[in-house]
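# Topology and contacts: notes
If you want the building blocks of each chain, they are given just below.
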Amino acid sequence: MPTPNEEMMENSVEKRDDQRIEPLSVPDIRLFIQGKVRDLVNVSDNGFGILIDTPTDFHLGQRIDDIRLEMDGNLHRLQGAVAHITRMETGHLLGIRLVLNSIEEYRFVADLKNCCVVATEHR
């Protein structure tokens, strides 16, 4: 039986119309959040989902100022906020809504999404 906090997390999931690309099969992507390597599950124009083991490490609306994403040997720093925490069979999915502060950051996320689309289509 879910705790009241878990029910709140699941009920707070926002409905989005943007396309999410999953599953990811791009081996050259490394994601660090709060100093830990995280598994990138999906990417959209506005954010991405990662797997987490402990949902209590995060809370809805929490700012994440240190997102480091390494792709093709280049390190990109991003910022975001926790949009949802969803319980899954294999753990929890943390949805992060990115705060894109420049056109370069927007282009990087678009390139990341396109890279994932191409990799997924060629599997």
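Residues numbered from 1 in each chain as written. Predicted model: local features only at pLDDT ≥ 70, side-chain atom pairs only at ≥ 80, totals over all residues. Heavy atoms only, no water.

## Topic: the overall build of the chain
- Along the chain, the regular secondary structure elements total 2 helices and 6 strands.
- Listing each helix as α and each strand as β along the chain from the N terminus yields α-β-β-β-β-β-β-α.
- For the chain, the exposed area adds up to about 7,400 Å²; of that, 48% sits on carbon and sulfur atoms. (Helix = DSSP H or I, 4+ residues; strand = E, 2+ residues; numbered from the N terminus. Areas by Shrake-Rupley, 256 points an atom, 1.4 Å probe, with all protein chains shown as cover.)

## Focus on the confidence of the model for the chain
- Put simply, the chain has an average pLDDT of 80, and 73% of its residues get 70 or more.
- Here helix α1 (residues 4-11) stands out as the least confident element of the chain, with mean pLDDT 45; strand β6 (residues 91-99) is the most confident, with 94.
- Within the model, the stretch residues 3-17 combines pLDDT values under 50 with 13 contacts to residues more than four positions away or in other chains. (pLDDT = per-residue confidence, 0-100. Contact = heavy atoms within 4.5 Å.)

## Overview of the sheet that holds strand β3 (residues 47-52)
- Taken together, the 6 strands give a closed barrel; going around it, the order is β1-β2-β3-β6-β5-β4, and neighbouring strands pair in antiparallel fashion. Neighbour-to-neighbour, the strand axes of this sheet turn through a mean angle of 45°, independent of strand direction.
- As judged from the 7 bridges shared by strand β4 (residues 63-71) and strand β5 (residues 74-88), these two strands associate in the antiparallel manner. If you follow R63 over to β5, its bridge partner there is A81. (Pairing = 2+ DSSP bridges. Axes fitted to C-alpha atoms, helices over the stretch in contact; angles between N-to-C directions.)

## A few points about the pattern of salt bridges
- Enumeration over the complete set of coordinates arrives at 4 salt bridges.
- One salt bridge connects K113 with D45, and the closest N-O pair in it is separated by 3.2 Å. Of this pair, K113 sits in helix α2 (residues 103-121) while D45 sits in the loop between β2 (36-43) and β3, and the two are 68 residues apart along the sequence.
- What makes K113 buried here is its relative accessible area of 9%.
- Taking the relative accessible area as the measure of exposure, D45 reaches 29% and is therefore partly exposed.
- Of the charged contacts in the structure, one is a salt bridge between R63 and D65, with a shortest N-O distance of 2.7 Å.
- A relative accessible area of 52% places R63 in the exposed class.
- Its relative accessible area of 45% is what places D65 among the partly exposed residues.
- Three or more residues joined by partner-sharing salt bridges are found here, namely D66, R68 and R77. (Salt bridge = Lys/Arg side-chain N within 4 Å of Asp/Glu carboxyl O. Buried < 20%, exposed > 50% of the residue type's maximum accessible area, 1.4 Å probe, protein only.)

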